[in-house]
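Structural overview
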Amino acid sequence: DLRGSREGFSDLLRVNLSLLRRLIRTEALVMEVQQADCVMKTEYAVCYCKDKASPAAVEQVKETLRRSKPQLLLDSSYFLPWLFPCRVRTASPVSYTERPAVASAKLCEGKIVVLVNGSPSAMVLPTLFGENFECLDDYAQPAFFASFLRLGSFYLSIFLPGVFVCLAVYLPELLPPQLLFKIEAAERATPFPLFGEMVLVILLLEIIREAGLRMPQTLGHSVSLVAALIIGDAAIATGLLSTPVILIAAVASIAVFVVPSLYEMATAFRFLVLLAAGVAGPVGLVCAALVVLLALAQVSALGVPYCVPVRFPQTALSPDGVTRRTYRTLSAHPFSIWQKRR
């Protein structure tokens, strides 16, 4: 049962600013409205709490947005190439929210929020990797169950297909005999190798998901479900795909929906791990895991590392991470993302 505010941003900038002001009734909240250097002359706002946010980071964001020259400005995400110029972006150190309560909570942590007129999506920066596994509703739930399941689902989505292919093809002696015999019997009836089957199934699932997103909302979910059932049943009946491969690919594809903000990154990493495991076996699997770790570790935003191990480093163990303390403990000491790190 999800708790918390159901209020959402609208398309009008002035309305969105009033929603933030209604929640943060303090003079520390600053909302600076500017006009973008584009054809449409769209207004945008940079919001921050002056007693929490880093003055250097705020000035850097304002100067970058002031010098950016987008052809059109329809959403806050249009500013991303100027804020973090990068040809290949594996992970984005920003997040987006349409809930004023979430944006207000981030402002009180010292974050910077960018709103654009005509868009209900607010950009929050900087964002840490661990924050993708958190939700505003978690603070109304018991602390011990907050984010553990989401973290496990994310890594399951990335590594499960690659680990399955690596074990079944290169290290079959590690599998239980009964499971190995079933996999072997299923593979004898298919014309493709196990690695090719896994790639094909994941591609089909991604195509079905994309088709469901582009369909009208009333038909999208039904089309995705019916298409997955029909294609899966027909592929097994004709002997093109095996049941174990479809099961593993489906579990990996469903697990990533637990953390929807990391969907694109998880999908790209899943293909990377699968290709490495299928081509080079255990060595490729380990190398792919190191590449994933390196890709996340090299990302930073406004001087804050994306994978910083401690969010609020006034204590040795983060009180608000994968293992979270009660909200009474969190409220005992003010915290900000810009606190001096050890």
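How each quantity is defined
Residues numbered from 1 in each chain as written. Predicted model: local features only at pLDDT ≥ 70, side-chain atom pairs only at ≥ 80, totals over all residues. Heavy atoms only, no water. Axes fitted to C-alpha atoms, helices over the stretch in contact; angles between N-to-C directions. Helix = DSSP H or I, 4+ residues; strand = E, 2+ residues; numbered from the N terminus. Parallel < 35°, antiparallel > 145°, perpendicular 65-115°, else oblique. Left-handed = near helix turned anticlockwise from the far one by under 90°. Contact = heavy atoms within 4.5 Å. Buried < 20%, exposed > 50% of the residue type's maximum accessible area, 1.4 Å probe, protein only. Phe/Tyr/Trp six-rings, centres within 6.5 Å; stacked < 30°, edge-to-face > 60°. Lys NZ or Arg CZ within 6 Å of the ring centre and 35° of its normal.

Contact pair helix 7 (residues 194-214) / helix 10 (residues 263-297): the axes reach a minimum separation of 10 Å and the direction vectors enclose 165°. Looking at the two axes, helix 7 sits roughly antiparallel to helix 10. Both helix 7 and helix 10 take part in a crossing whose hand is left-handed. Mapping the contact onto sequence places Phe-195, Met-198, Val-199, Ile-202, Leu-203, Glu-206 and Arg-209 in helix 7 and Tyr-263, Thr-267, Arg-270, Phe-271, Leu-274, Leu-275 and Gly-278 in helix 10.

This next bit is on helix 4 (residues 100-108). With seven of nine residues buried, helix 4 is to be regarded as a mostly interior element. Within the span of helix 4, buried status applies to Pro-100, Ala-101, Val-102, Ala-103, Ser-104, Lys-106 and Leu-107. At its buried positions, helix 4 is contacted by helix 1 (13-23), strand 1 (29-35), strand 2 (43-49), strand 3 (95-97), strand 4 (112-116) and strand 5 (122-125). Once helix 4 finishes, Gly-110 follows within two positions and takes phi at roughly 95°, a positive value.

Attention now goes to the packing of aromatic side chains. Taken as a whole and judged by the stated rule, the model has six aromatic pairs. Judged by centre distance (5.6 Å) and plane angle (65°), the ring pair of Phe-129 and Phe-154 falls under edge-to-face. Within this pair, whereas Phe-129 is found in the loop between strand 5 and helix 5 (148-169), its partner Phe-154 is found in helix 5, the two being separated by 25 residues in sequence. A single burial state applies to Phe-129 and to Phe-154, both of which are buried. Seen from their ring centres, Tyr-155 and Phe-159 are 6.4 Å apart, and the 20° between their planes marks the pair as stacked. Taken together, the residues Tyr-155 and Phe-159, both in helix 5 and four residues apart, mark about one turn of the helix. Note on Tyr-155: relative accessible area 34%, which makes it partly exposed. Taken together, Phe-129, Phe-154, Tyr-155, Phe-159 and Tyr-306 form an aromatic cluster joined through their ring pairs. Between Arg-209 and the ring centre of Tyr-263, over which it is positioned, the NZ or CZ distance is 3.7 Å.

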